[in-house]
Amino acid sequence: MNCLAFDVGGTYVKYGLVNQDLSILENHKFNTPKNESDFINEFSKIIVQNENKFETVSIAMPGFINKLEKKFLFGTNIQFSIDFKKLMNFNSYNLYLDNDGNVSAFSEYFQYYRDQFSNLIMLTFGTGIGGGIIANKKLLQGSGSAGEIGHILTSIDNSILCNCGKNGCFEASTAATVWTNKCQELSDLEPNSELAQRFKIENVGSILFDDSIKFTSLQLDEINIIIQNISNGLVSLFEIFDNEIFVLGGAMSSSPYSLIKLIDKDINSRFKFPSRIFPKIEISLQKGDSGIIGAAALAFNETK
């Protein structure tokens, strides 16, 4: 049995055919559609093109979903609803729908960590910040939308407005798009700096965490703010869920540089945990494919 799995982000939709061994047989991507009609048309086209290759379709969406009704309700980076029952040939295959952070956490945990830990929290850094929580070896979903980690309030600058309408949200101050925008801003301010020259070539926001770069004092101050915001989020989550491990994923996981070392250093310098050990922090082992693999894994699990 194969699954046609979609991982929808605020900028791109990645999709692929995944078999029951959770190996990706094909892998593609396209720009995220801007309205419901374009979503349905683009997804339907891909489904029809692959109709003889799969038995299940699984879609991971960045925001709130209604699993029973097969509807996406709203997301900060996709601010409209989508009724996936409108997909072409809808009744000819099983359709599974879930949150993107949930599917990534499920996949990462059950492939790599279930024999080591019972409690894991995964954060995916991209256009926003997705999240998934494994508690006592089970995916925590609440009434359907638990794990919206990107919208906890963590920023030391409460003037930062998030697309969800709140000020100071985790993703508004620390998503990977923020890193990229900050690189551009700092490059414009100091165009002759080493950071500016590297960013011109690589155009990757995570180079803020590359300790081989000689950063200016201004750049170091801005990097420290981002790291503190990330640390604040992780510490807050630990205090609530008492997890044993954090996994950081998303597109940046291909080039994380010294991100974890910087977070560990910041947490060790600013926080104390008497009689407790702060969770270890790891980079996703699935790199940028955790959404596709996770969407398929949850769908296979659902149809057992």
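### Topic: the overall build of the protein
Within the protein, the secondary structure is distributed over 8 helices and 13 strands. Computed over C-alpha atoms, the radius of gyration of the protein comes to 19 Å, within 12% of the 19 Å expected from 2.2 N^0.38 for 304 residues, which places it in the range of a compact globule. Structurally, the protein occupies a C-alpha span of about 60 × 45 × 35 Å along its principal axes. Here the protein holds 304 residues, and 53% of them are scored as buried. Within the protein, counting contacts between residues at least 6 apart in sequence, those at least 24 apart form 63% of the total.

### Side note on the packing of helix 6 (residues 217–241) against helix 7 (residues 259–270)
Look at helix 6 against helix 7: their axes get within 9 Å of each other, and the N-to-C directions meet at 70 degrees. Considering their axes alone, helix 6 and helix 7 lie roughly perpendicular with respect to each other. Facing helix 6, whose interface residues are I227, Q228, I230, S231, N232, L234 and V235, helix 7 presents L259, L262, I263, D266, I267 and R270. Of the residues in the contact of helix 6 with helix 7, the class split is 8 nonpolar, 3 polar and 2 charged.

### What about a nonpolar patch on the surface?
A contiguous nonpolar surface patch, about 240 Å² in accessible area, is contributed by F64, L73 and F74. Structurally, F74 can be placed in strand 6 (residues 71–74). Overall, F74 belongs to the partly exposed group, its relative accessible area being 31%.

### Details of the pairing of strand 4 (residues 56–61)
Across the 6 residues of strand 4, 6 count as buried, placing the element largely inside the fold. The two faces of strand 4 match: T56, S58 and A60 on one face and V57, I59 and M61 on the other face are all buried. Across 5 bridges, the pairing between strand 1 (residues 2–8) and strand 4 is parallel. Bridge pairing in strand 4 places C3 opposite T56. With 6 bridges connecting them, strand 4 and strand 8 (residues 94–99) associate as parallel partners. Across the sheet, S58 pairs through a bridge with Y96, a residue of strand 8.

### Brief notes about helix 6
Taking 1.5 Å per residue as the helical rise, helix 6 with its 25 residues ought to reach 36 Å, and the 36 Å between its terminal C-alpha atoms agrees with that figure. Looking one or two residues beyond helix 6, the residue adopting positive phi is D242, at roughly 50 degrees.

### Things to note about the side chain of H151
With respect to the element layout, H151 can be found in the loop between strand 11 (138–139) and helix 3 (170–174). You can call H151 buried: its relative accessible area is 14%. Discounting chain neighbours no more than four positions away, the residues touching H151 are T76, C162, C164, K166, C169 and E171.

### Digging into the side chain of R198
Positionally, R198 belongs in helix 5 (residues 194–202). On the basis of relative accessibility, which here comes to 19%, the residue R198 falls in the buried class. Among the polar contacts made by the side chain of R198, one reaches the side chain of E202 at a distance of 2.5 Å.

### Some points on helix 7
For helix 7, which comprises 12 residues, the first-to-last C-alpha distance of 17 Å matches the rise-based estimate of 16 Å (1.5 Å per residue) to within 8%. In the core, the buried residues of helix 7 are packed alongside helix 4 (176–189), helix 6, strand 12 (245–249) and strand 13 (280–283).

### A short note on the layout of surface pockets
Within this model, the largest pocket holds a volume of roughly 820 Å³. As for the largest pocket, its lining consists of 38 residues, and the residues nearest its centre are G9, G10, F125, G126 and T127. Listed by contribution, the elements that provide at least two residues to the lining of the largest pocket are strand 1, strand 2 (12–19), helix 2 (100–113), strand 9 (120–125), strand 10 (129–135), helix 4 and helix 8 (290–302). Class assignment for the residues of the lining of the largest pocket results in 10 nonpolar, 22 polar and 6 charged.

### Things to note about the packing of aromatic side chains
Going through the model one piece at a time under the given rule, you end up with 19 aromatic pairs. Here the aromatic residues F6, Y15, F30, F39, F43, F80 and F84 are joined through ring pairs into a cluster of three or more. Positioned over the ring face of Y12 is K29, at 4.0 Å from the centre of the ring.

### Considerations on the packing of helix 4 against helix 5
As a packed pair, helix 4 and helix 5 sit with axes 9 Å apart at the nearest point and diverge in direction by 125 degrees. Accordingly, the angle class assigned to the pair helix 4 and helix 5 is oblique. Handedness of the helix 4/helix 5 crossing: left-handed. Between helix 4, through T180, C183, Q184, L186 and S187, and helix 5, the contact on the second element is made entirely by L195, A196 and F199. Among the residues forming the contact of helix 4 with helix 5, the class breakdown is 5 nonpolar, 3 polar and no charged.

Calculation criteria
- Residues numbered from 1 in each chain as written.
- Predicted model: local features only at pLDDT ≥ 70, side-chain atom pairs only at ≥ 80, totals over all residues.
- Heavy atoms only, no water.
- Helix = DSSP H or I, 4+ residues; strand = E, 2+ residues; numbered from the N terminus.
- Rg over C-alpha atoms; globule rule 2.2 N^0.38 Å.
- Buried < 20%, exposed > 50% of the residue type's maximum accessible area, 1.4 Å probe, protein only.
- Contact = heavy atoms within 4.5 Å.
- Axes fitted to C-alpha atoms, helices over the stretch in contact; angles between N-to-C directions.
- Parallel < 35°, antiparallel > 145°, perpendicular 65-115°, else oblique.
- Nonpolar A, V, L, I, M, F, W, Y, C, P; charged D, E, K, R; others polar.
- Patch = residues over 30% accessible without salt bridge, like charges linked within 9 Å, V, L, I, M, F, W, Y side chains within 5 Å.
- Areas by Shrake-Rupley, 256 points an atom, 1.4 Å probe, with all protein chains shown as cover.
- Salt bridge = Lys/Arg side-chain N within 4 Å of Asp/Glu carboxyl O.
- Pairing = 2+ DSSP bridges.
- Expected span 1.5 Å × (residues − 1).
- Polar contact = N/O pair within 3.5 Å; in protein donor to acceptor, adjacent residues only side chain to side chain.
- 1 Å grid on protein atoms, 1.4 Å probe; cavity = no way out; pocket = protein on both sides within 12 Å on 5 of 7 lines; lining within 4 Å.
- Points joined across faces, edges and corners; volume = space filled by probe spheres on them.
- Phe/Tyr/Trp six-rings, centres within 6.5 Å; stacked < 30°, edge-to-face > 60°.
- Lys NZ or Arg CZ within 6 Å of the ring centre and 35° of its normal.
- Left-handed = near helix turned anticlockwise from the far one by under 90°.

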